[in-house]
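Each chain is listed here by its residues.
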Amino acid sequence: VGTLTVSENSAVGASVGTIADPTWTGTLNYSLNSNPSSLFAINLTTGVVTVAGALDYEAAATSAITVRVKDVATGAYVDKAFTVTVKNVIELASTVVASVNENTATGFALGAIKDTSWTGTLTYGLLNNTGNLFAINTSTGAISVNGVLDYEAAATRNITVRATDTATGVYVDKTISLAINNLLELTGTLSANENAAAGTVAGTIDDPTWPGALTFSLSSNPGGLFAINATTGVVTVVGVLDYEAAATRPITGRATDTTTGVYVD
C-alpha cells in the first residue's frame, strides 16, 4: 500500500511517500523494478520513495513506477505498479531587463514576471517597492518604471513579485535584481555681471558623482562669449556681456569620459 504525491520541481531527496506491507511478519526489502527516466529512488529497508530527478508537471502530471517487495528470508517477492501524482506549482519566469538607465521615464516597460503555464487565474503584486519606483500589471505581470531611478541612491533595486491563484489563494514569490546604470548628469549655475572682465568666473559645469575622469568643452557657445576649463569645468567670460543686448546667454557644456568616450551635453 502507499499513496505517492509530490510537487513538481521538488528537490532531490524530497519524500514522495512510503510503500509498505504493515501486516507482513518477516523482513522486507524494497527496490524499483520499473523507474522510467530514473525520477525516483526507494529506501531498501523502509520503502520510503524519494525524488531522484527533475519533475515537471507540464511534461507529465503522473509518473508510473513498479516496486518490488522481497521477503529477505524466503526470497519470495511481489511487483506492484504505483502512480506518482505530480502536483502543479506556480513557476514564475522573468523577462525583465537586466539593467535600466537612471532617470528613465515613468511608464518605461521593463518586462514581466509571470507564469504562462498555470491553469488557473493569477493576480500579480509587488511586495517590496520602496518609493513606489515600479508598477506591475495585476493581470499580466508586466513591470514598468513608476518613480525616479537614481544610481547615486542605489546601484541595484530588488523587485519581488507575488503571484496568487485567485481561486485557491496559493501564491509564490520571486525576487530579481535590476541594475541601475549610471549616467553623466551635468549640474551648474552660471551667472556674470555685464561688462565683466575677461577671465571672470561664471560658474562650474560638472558631475561630482561620476567615478571616472571627465573632460569638459562647450558644444554650443554663440558669440564665443565664454570659455571652459577642460579639466575642471570652470566657465569664464571671454567676450563682452551686455545686459541690454541680452539678459541671458545660452551655452551648452559637454562632459566626456576620458576612458570610454561617453559624453553628455
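Below is a short write-up of the structure. Residue numbers restart at each chain and count upward from 1, following the sequence in its written direction. For a predicted model such as this one, the threshold for reporting local features is a pLDDT of at least 70, and the threshold for listing and counting side-chain atom pairs is 80 or more; totals across whole chains, interfaces and linings nevertheless cover every residue. Side-chain descriptors were evaluated using all non-hydrogen atoms of the structure, hydrogens and water having been removed beforehand.

### Remarks on the overall build of the protein
Each helix and strand in the protein was counted, giving zero helices and 21 strands. For 265 residues, the compact-globule formula gives about 18 Å, and the C-alpha radius of gyration of the protein, at 34 Å, lies well above that figure. With the principal axes as the frame, the protein shows a C-alpha extent of 115 × 40 × 25 Å. Buried, partly exposed and exposed residues are distinguished by accessible area as a fraction of the type maximum, computed with a 1.4 Å probe on protein chains only: under 20%, between the cut-offs, and over 50%, respectively. In the protein, which comprises 265 residues, the proportion classed as buried is 31%. In this analysis, two residues are considered to be in contact whenever any of their non-hydrogen atoms come within 4.5 Å of each other. Relative to all contacts within the protein whose residues are 6 or more apart in sequence, the contacts with residues 24 or more apart total 57%. Surface exposure of the protein reaches about 14300 Å², of which carbon and sulfur atoms provide 53%. For the purpose of counting charges, residues Lys and Arg are taken to be positive, whereas Asp and Glu are taken to be negative. His and the chain ends are not included. Working definition for charges: the position is that of NZ of Lys, CZ of Arg, CG of Asp or CD of Glu. Side chains of the protein carry 10 positive and 21 negative charges; the gap between the two charge centres is 14 Å. Under the DSSP-based scheme used, a helix requires at least four consecutive residues in state H or I and a strand at least two consecutive residues in state E, with every element numbered from the N terminus. As defined in this context, the radius of gyration uses C-alpha atoms, and a globule is described by 2.2 Å times the residue total to the power 0.38. In short, Shrake-Rupley with a 1.4 Å probe defines the accessible areas, and a residue's cover is counted only from the protein chains shown.

### Description of the sheet that holds strand E11 (residues 122–126)
We call two strands paired when DSSP finds no fewer than two bridges between them. Spatial ordering of the open sheet is given by E9-E15-E14-E11, a layout of four strands whose pairing is mixed. For this open sheet the edge positions go to strand E9 (99–101) and E11, each flanked by a neighbour on one side alone. The mean angle between the axes of side-by-side strands here comes to 30°, regardless of whether they run parallel or antiparallel. Examined bridge by bridge, E11 and strand E14 (residues 156–165) share five bridges and lie antiparallel to one another. Of the residues in E14, the one forming a bridge with Gly 125 is Arg 162. A fitted line through C-alpha atoms serves as each axis, taken over the contacting stretch for helices, and the angle formed by two N-to-C directions is quoted from 0 to 180°.

### Details of the pattern of salt bridges
As a working rule, side chains carrying opposite charge can pair if their charged atoms are close by. Should a side-chain nitrogen of Lys or Arg be within 4 Å of a carboxyl oxygen of Asp or Glu, the pair is scored as a salt bridge. For the coordinates displayed, the defined rule picks out three salt bridges. A salt bridge links Asp 173 to Arg 162, with the shortest nitrogen-to-oxygen separation between them at 2.8 Å. Placement of the pair is Asp 173 in strand E15 (residues 171–181) and Arg 162 in strand E14, with a sequence separation of 11 residues. The class for Asp 173 is partly exposed, based on a relative accessible area of 34%. Between Arg 254 and Asp 265 there is a salt bridge, with the nearest N and O atoms lying 2.6 Å from each other. You can see Arg 254 sitting in strand E20 (residues 252–257) and its partner Asp 265 sitting in the segment after strand E21 (263–264), a full 11 residues away along the chain.

### Focus on the sheet that holds strand E16 (residues 201–204)
In spatial order, the strands read E16-E19-E18; together these three strands make up an open sheet with antiparallel pairing. With partners counted over all chains shown, the strands left at the sheet margins are E16 and strand E18 (226–228), one partner each. Strand-to-strand, the axes of this sheet are offset by a mean angle of 25°, without reference to chain direction. Sheet topology note: the E16/strand E19 (residues 234–237) ladder contains three bridges and is antiparallel. Opposite Thr 204, over in E19, you have Val 234 as the bridge partner.

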